[in-house]
Amino acid sequence: MPTPPPTTGTQSIDRAADLVARVVHADGGLTAAALADSTGLARSTTSRLLAALERADLLARDDTGSWAPGPLFDLYATRRTGDEVLAEVAGPTMRELGEITGETVNLGVPRRGTVVQVAQVDSSYYLGSRDWVGTDVPAHASALGKVLYAHGALPVPTGPLDPPAPDAVTSGAELAAQLPGIRRAGYATTVDELEPGLTGVAAPVRHRGSVVAALGISGPTSRLVGDLASTGALVATHAAALSARLEHHPHEGAA
């Protein structure tokens with residue numbers, strides 16, 4: 001029996017492109033097994049291609065381990081949708097909040113079941129936070145993400161959650177238990193949940209009555225943890241001011 005010809009580079013590209021297309025067109029996440037079955041590829045081949053696409057940020061795994069469009073699609077979307085307008089309108093409010101606190105200021109929106117940060121004002125401190133724009137972070141360990149969960153902008157996950165740091169929540173039930181308190185307070189906080197030594201504070205941004213984004217600050221726990229209530233009230237005030245700006249802006253605030 002003749003040996004089948006080796007897979008060419010073009011064939012690999014075609015197969016990878018087909019996997020991306022199937023994931024993008026799907027109504028929800030697809031498992032690796034489902035992708036292998038629908039394409040007729042061997043599971044080992046499918047796994048290898050998916051890993052390469054994940055490294056290139058074209059695909060990513062969601063909270064259930066299924067495959068979804070990756071961060072590159074989010075980055076493209078932020079350049080092509082109302083997120084760009086939202087970031088522009090938010091600029092003055094974010095800069096003012098940054099001047100008052102000195103901390104890194106971020107604006108996050110719900111995308112692909114998680115929070116994607118679309119604008120940032122850098123900290124004025126030497127010891128500050130990193131550039132988070134376009135970076136995927138676990139929403140359940142993010143103050144921005146918890147705000148979006150609390151107000152229904154993101155679906156609350158069920159089952160176990162992967163904690164990026166020891167102090168992060170580890171289940172959907174644990175996360176859900178925090179959400180009523182976030183709604184009552186008007187802001188969310190995370191202390192050492194995304195990574196040890198990092199604290200975040202965020203509040204909801206509304207457009208036409210719905211929460212479309214979250215405005216937040218982040219910085220070293222040593223600077224922020226001592227007065228979270230006052231900081232939360234300050235962030236909430238600026239988020240409300242941004243919401244008012246969106247209502248009076250001539251363009252859509254968020255798609």
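Residues numbered from 1 in each chain as written. Predicted model: local features only at pLDDT ≥ 70, side-chain atom pairs only at ≥ 80, totals over all residues. Heavy atoms only, no water.

A few points about the sheet that holds strand β5 (residues 188-191)
- Across the sheet, which stays open at both edges, the five strands sit in the order β4-β3-β7-β6-β5 with antiparallel pairing between neighbours. Both outer strands of the open sheet, β4 (114-121) and β5, are each paired with one neighbouring strand and no more. Within the sheet, the average angular offset between the axes of one strand and its neighbour, ignoring direction, is 25 degrees.
- As paired strands, strand β6 (residues 198-207) and strand β7 (residues 210-220) are joined by 10 bridges and run antiparallel to one another. Across the sheet, residue H207 finds its bridge partner in β7, namely S210.
- Here helix α9 (residues 228-247) sits on the sheet in contact with β3 (104-111), β5, β6 and β7, set at roughly 30 degrees to β6. (Pairing = 2+ DSSP bridges. Helix = DSSP H or I, 4+ residues; strand = E, 2+ residues; numbered from the N terminus. Axes fitted to C-alpha atoms, helices over the stretch in contact; angles between N-to-C directions. Contact = heavy atoms within 4.5 Å.)

What to know about the pairing of β4
- For β4, a buried count of seven out of eight residues is recorded, marking the element as mostly surrounded by other parts of the structure.
- Direction of pairing for β3 relative to β4: antiparallel, over a ladder of seven bridges. Across the sheet, residue V109 finds its bridge partner in β4, namely V116.
- With antiparallel pairing between neighbouring strands as the criterion, β3 and β4 make up a hairpin whose turn holds two residues, including R112 at a positive phi of roughly 50 degrees. (Buried < 20%, exposed > 50% of the residue type's maximum accessible area, 1.4 Å probe, protein only.)

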